[in-house]
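# A closer look at the structure
Residues per chain are reported as follows:
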Amino acid sequence: ASVGKFFWRLTYGSALIGLGYLAYGIYEDRHPVDQHPADPSKKTLVILGSGWGSVSLLKKIDTENYNVVVISPRNFFLFTPLLPACTTGTIEHRSIMEPLRNILRHKTAAVTFYEAECTQIDPVNRVLTLRDNSEIKGDIAETSLPFDYLVIGVGAQNTTFGIPGVQENACFLKEIPDAQKIRTRIMDCIETATFKDQTEEERKRLLHMVVVGGGPTGVEFAGELQDFFEEDLRKWVPEISDDFHVSLVEALPNVLPMFSKQLINYTEKTFKDEKINIHTKTMVKKVTEKTIFAEVTKADGTKEMIEMPYGLLVWATGNAPRSVVRDLMTKIPAQAKARRGLEVNDYLVVNGTEGIWALGDCAATKYAPTAQVATQQGQYLARLFNTMAKTQALEEDIAHLEELGHATASIDDKKAIATEIEAKAKTLRRSKRLMPFQYTHQGSLAYIGSDKAIADLTFGDGNNLTSSGQLTYLFWRSAYVSMCFSTRNKLLVIMDWLKVKMFGRDVSRE
Ligand code: FAD
Ligand code: NAI
């Protein structure tokens with residue numbers, strides 16, 4: 001009985017600690033302490049973007065050392081791993097948006113934010129061109145901004161490989177408006193398919209949801225969409241049950257090339273069980289308003305062109321550099337061979353420039369363009385800037401002490417100053433020894449639908465652990481909730497999941 005009592009107390013105690021932690025998180029979010037004002041006399045550090053890379057840099061940098069200015073066309077951080085869940089209403093989009101103003105307001109020294117797109121970077125004169133692309137514009141909608149240091153974290157855009165018809169007819173999945181558009185289109189296709197006197201053929205077309213690209217974006221979206229159908233649509237619109245189909249089209253012989261063979265097989269089997277059609281070795285060549293044309297490589301190596309009528313097309317074939325990055329690449333001779341993004345050295349400095357760094361999806365490195373890489377690069381740059389500031393302060397101290405040493409006539413004072421200089425010089429040498437950026441891969445996770453996830457985890461000295469299924473899904477959920485930055489967003493995501501379990505997803509069209 002005493003063991004039972006002990007466990008009760010332990011559980012009760014842990015719950016109290018958990019609640020206390022939650023309450024403190026909420027209080028801290030709501031009550032930021034006073035900030036020191038921004039100091040324009042300090043070196044101006046401009047950070048472009050409010051995504052994974054830039055925000056992780058902002059979180060760790062000591063803003064007292066620089067005049068920090070952030071520029072981004074969106075005034076929030078987007079938690080992209082849960083974006084596929086917004087396309088079906090499993091998660092509401094506001095639950096995965098973190099207002100940038102809240103993040104900045106929690107810094108010790110104020111940070112200036114301009115909601116704008118950087119359209120041009122002049123690396124020689126060290127000036128940026130900014131444009132306000134939002135709906136409401138003031139008298140000034142375009143201006144310039146000089147910088148001393150620049151960090152480029154503008155991410156990437158969707159690639160279409162110039163395939164005809166994709167840009168005009170497909171939906172993409174990168175930003176909040178993309179997810180909203182897909183959510184609306186799914187319901188539009190369904191309501192149109194059930195319109196009076198709709199022909200059988202047209203109805204089948206409208207209910208054919210095609211995803212092109214078998215990378216993690218395509219797979220996660222296909223899984224979410226099939227869940228929506230199985231758990232809600234089938235119930236509320238039973239007349240579409242036989243005709244609603246999800247197809248995943250991939251040019252390579254299998255989906256998810258970055259995962260281990262075992263997890264690829266598991267995903268493909270789960271999709272088959274869930275009746276998601278996988279078309280591998282199928283490369284889309286052309287898209288029209290209602291049809292996809294794709295080239296299939298058959299087992300004997302011969303090729304055949306097939307036609308796939310579709311209602312909704314979601315295009316997820318990876319990344320291409322944004323126009324501001326492409327433009328900068330043309331201005332720097334050392335970037336002549338760059339294709340995937342800005343080439344950087346081991347310290348993330350953009351090759352061919354000084355005082356300009358790039359991180360995340362806009363930088364071409366040996367790592368995959370993931371949130372994990374961008375976050376670690378942001379943390380690395382924060383350490384770099386904090387160290388640079390410390391180094392500069394030490395150099396100024398040493399110069400000042402040297403002047404004092406020259407000015408004094410006393411031998412004892414000279415000796416004391418020399419000892420102090422030596423101590424500071426030692427610290428300076430240590431802090432100047434900055435290591436190059438090193439990425440630690442913690443593994444890959446993906447949701448594949450029907451309450452199942454896959455995980456390729458790395459731990460210790462490069463040891464690997466693969467896991468899949470419903471327990472992995474619980475792990476996936478807890479990992480992503482814990483990664484949401486604020487207590488508010490963690491709670492919103494949990495509440496969305498509970499809401500869907502209790503009431504199902506909302507099938508109204510916005
Ligand atoms: P982003 O996060 O894309 O941020 C770029 C920022 O730059 C944005 O704020 C944008 O508004 C801003 N910007 C754009 N143009 C300009 C401009 N001209 N001037 C100024 N600012 C500009 N990775 C994982 O590791 N795990 C996952 O589970 C995962 N899931 C994903 C799911 C989806 C649907 C998608 C699309 C991606 C996912 N990723 C995941 C990849 C991950 O989101 C990216 O690798 C990551 O966002 C890259 O971070 P970033 O900071 O480079 O760019
Ligand atoms: P991706 O580059 O990973 O995959 C795109 C896929 O599209 C490739 O497999 C490619 O073969 C295929 N493809 C290209 N052209 C095609 C065509 N014409 N027809 C048919 N198939 C074609 O792109 P994705 O999924 O958008 O991911 C981008 C980045 O974001 C990756 O680095 C990925 O790891 C990361 N990400 C990670 C997630 C996770 O860890 N859970 C989730 C989503 C994205």
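Owing to the predicted nature of the structure, the values given are computational and were not obtained by experimental measurement.

## Remarks on the packing of helix α2 (residues 52–60) against helix α11 (residues 371–407)
Between α2 and α11, whose axes approach to 7 Å, the crossing angle comes to 35°. At the point where α2 passes α11, the crossing takes the right-handed sense. From α2, W52, G53, S56, L57 and K60 reach across to α11, where they touch A371, A374, T375, G378, Q379, L381, A382, F385 and N386. In the contact of α2 with α11, the residues fall into 7 nonpolar, 6 polar and 1 charged.

## Observations concerning the site of ligand 2
In the region of ligand 2, 23 residues are neighbours, and T217, E250, A251, V284 and L445 sit closest. Between a nitrogen atom of ligand 2 and a main-chain N or O atom of V284, the distance comes to 3.1 Å. In the model, an oxygen atom of ligand 2 is placed 3.2 Å from a nitrogen or oxygen of the P369 main chain. Contact with the protein chains removes 79% of the 840 Å² of surface that ligand 2 exposes when unbound. For the shell around ligand 2, the secondary-structure elements that each account for two or more residues are α8 (216–236) and β14 (282–287). Tallied by class, the residues present in the shell around ligand 2 amount to 13 nonpolar, 8 polar and 2 charged.

## Thoughts on the pattern of salt bridges
Overall, the coordinates contain 20 salt bridges when judged by the stated rule. One salt bridge connects R131 with E142, and the closest N-O pair in it is separated by 3.1 Å. In this pair, R131 sits in strand β7 (residues 127–131) while E142 sits in strand β8 (residues 142–146), placing the two residues 11 residues apart along the sequence. Looking at R131, the relative accessible area reads 34%, which means it is partly exposed.

## Structural notes on the pairing of strand β24 (residues 463–469)
In this structure, strand β23 (residues 452–459) lies alongside β24, joined through 7 bridges in antiparallel fashion. Paired with A455 across the strands is S467, a residue of β24. In sequence, β23 turns back onto β24 through a hairpin of 3 residues, with G460 there showing a positive phi of about 60°.

## A word on the site of ligand 1
Close to ligand 1 lie 29 residues, the nearest being S50, G53, T80, D361 and Y480. Between ligand 1 and P369, the relevant distance is 3.0 Å, taken from an oxygen atom to a main-chain nitrogen or oxygen of the residue. A distance of 2.9 Å separates an oxygen atom of ligand 1 from a polar backbone atom of A371. Protein burial of ligand 1: of its 990 Å² of free accessible surface, 90% is covered by the chains. Elements represented by at least two residues in the shell around ligand 1 include exactly α2, β2 (67–72), β6 (117–122) and α11. For the shell around ligand 1, the element with the most residues is α11, which contributes 3 residues. Taken together, the residues of the shell around ligand 1 sort by class into 13 nonpolar, 12 polar and 4 charged.

## Structural notes on unusual backbone geometry
Positive phi, normally seen in glycine, also occurs at K275, with a value near 70°. For K275, the location among the structural elements is in the loop between α9 (261–273) and β13 (276–279). Taking the relative accessible area as the measure of exposure, K275 reaches 59% and is therefore exposed. Not every positive phi belongs to a glycine, and D451 is a case in point at roughly 55°. Turning to its location among the elements, D451 is positioned in the loop between β22 (443–449) and β23. With a relative accessible area of 24%, D451 lands in the partly exposed category.

## Brief notes about the environment of L381
With respect to the secondary-structure elements, L381 resides in helix α11. Separated by 66 residues in the primary sequence, L381 and Y447 place their C-alpha atoms 31 Å from one another. With residues near it in sequence (within four places) discarded, L381 still touches L57, V151, Y347, L348, W357 and L359.

## Thoughts on helix α6 (residues 176–193)
Here α6 contains 18 residues, and its C-alpha end-to-end distance of 26 Å stays within 8% of the 26 Å for a straight helix at 1.5 Å per residue. Taken residue by residue, α6 has I176, D178, A179, I182, R183, I186, M187, C189, I190 and A193 as its buried positions.

## A short note on the environment of D34
Its location among the elements puts D34 in the loop between α1 (2–30) and β1 (44–48). Residues D34 and H106, 72 residues apart in the sequence, show an inter-C-alpha distance of 8.8 Å.

## Some points on the domain arrangement of the chain
In terms of domains, the chain is made up of domain 1 (1–31), domain 2 (34–156 + 321–389) and domain 3 (166–319 + 440–503). The straight-line distance from the C-alpha centre of domain 1 to that of domain 3 is 38 Å. Contact with domain 1, which involves 4 residues of that partner, is made by 4 residues of domain 3. Both sides of the domain 1 and domain 3 interface together cover about 270 Å² of buried area, and 70% of this is carbon and sulfur. Of all residues in domain 1, L22, I26 and D29 give up the largest surface area on contact with domain 3, accounting jointly for 86% of the area buried on that side. Inspection of the domain 1/domain 3 interface yields 0 salt bridges. Counting the contacts that link domain 1 with domain 3 gives 0 residue pairs in polar contact (both at pLDDT 80 or more). Classifying every residue of the side of domain 1 that touches domain 3 by side-chain character gives 2 nonpolar, 1 polar and 1 charged.

## Concerning a nonpolar patch on the surface
Taken together, V3, F6, F7 and L10 make up a surface patch of nonpolar side chains, about 410 Å² in accessible area. Along the chain, F6 falls in helix α1. Note on F6: relative accessible area 49%, which makes it partly exposed.

## Let's talk about the sheet that holds strand β11 (residues 208–212)
In sheet architecture, strand pairing relies on hydrogen bonds along the backbone and comes in two forms, parallel and antiparallel. If you walk across this open sheet you meet the 4 strands as β13-β12-β11-β17, and the pairing is parallel. Looking at the sheet topology across the chains shown, the edges are occupied by β13 and β17 (312–315). With strand direction ignored, the average angle separating the axes of adjacent strands in the sheet is 20°. Taken together, the 4 bridges between strand β12 (residues 245–249) and β13 define a ladder with parallel strand orientation. Following the sheet pairing, S247 is matched in β13 by N277.

Rules and cut-offs
Residues numbered from 1 in each chain as written. Chains lettered and ligands numbered in written order. Predicted model: local features only at pLDDT ≥ 70, side-chain atom pairs only at ≥ 80, totals over all residues. Heavy atoms only, no water. Axes fitted to C-alpha atoms, helices over the stretch in contact; angles between N-to-C directions. Helix = DSSP H or I, 4+ residues; strand = E, 2+ residues; numbered from the N terminus. Left-handed = near helix turned anticlockwise from the far one by under 90°. Contact = heavy atoms within 4.5 Å. Nonpolar A, V, L, I, M, F, W, Y, C, P; charged D, E, K, R; others polar. Near = heavy atom within 4 Å. Polar contact = N/O pair within 3.5 Å; in protein donor to acceptor, adjacent residues only side chain to side chain. Areas by Shrake-Rupley, 256 points an atom, 1.4 Å probe, with all protein chains shown as cover. Salt bridge = Lys/Arg side-chain N within 4 Å of Asp/Glu carboxyl O. Buried < 20%, exposed > 50% of the residue type's maximum accessible area, 1.4 Å probe, protein only. Pairing = 2+ DSSP bridges. Expected span 1.5 Å × (residues − 1). Domains from an automatic or database assignment. Buried area = accessible area lost by both parts, 1.4 Å probe. Patch = residues over 30% accessible without salt bridge, like charges linked within 9 Å, V, L, I, M, F, W, Y side chains within 5 Å.

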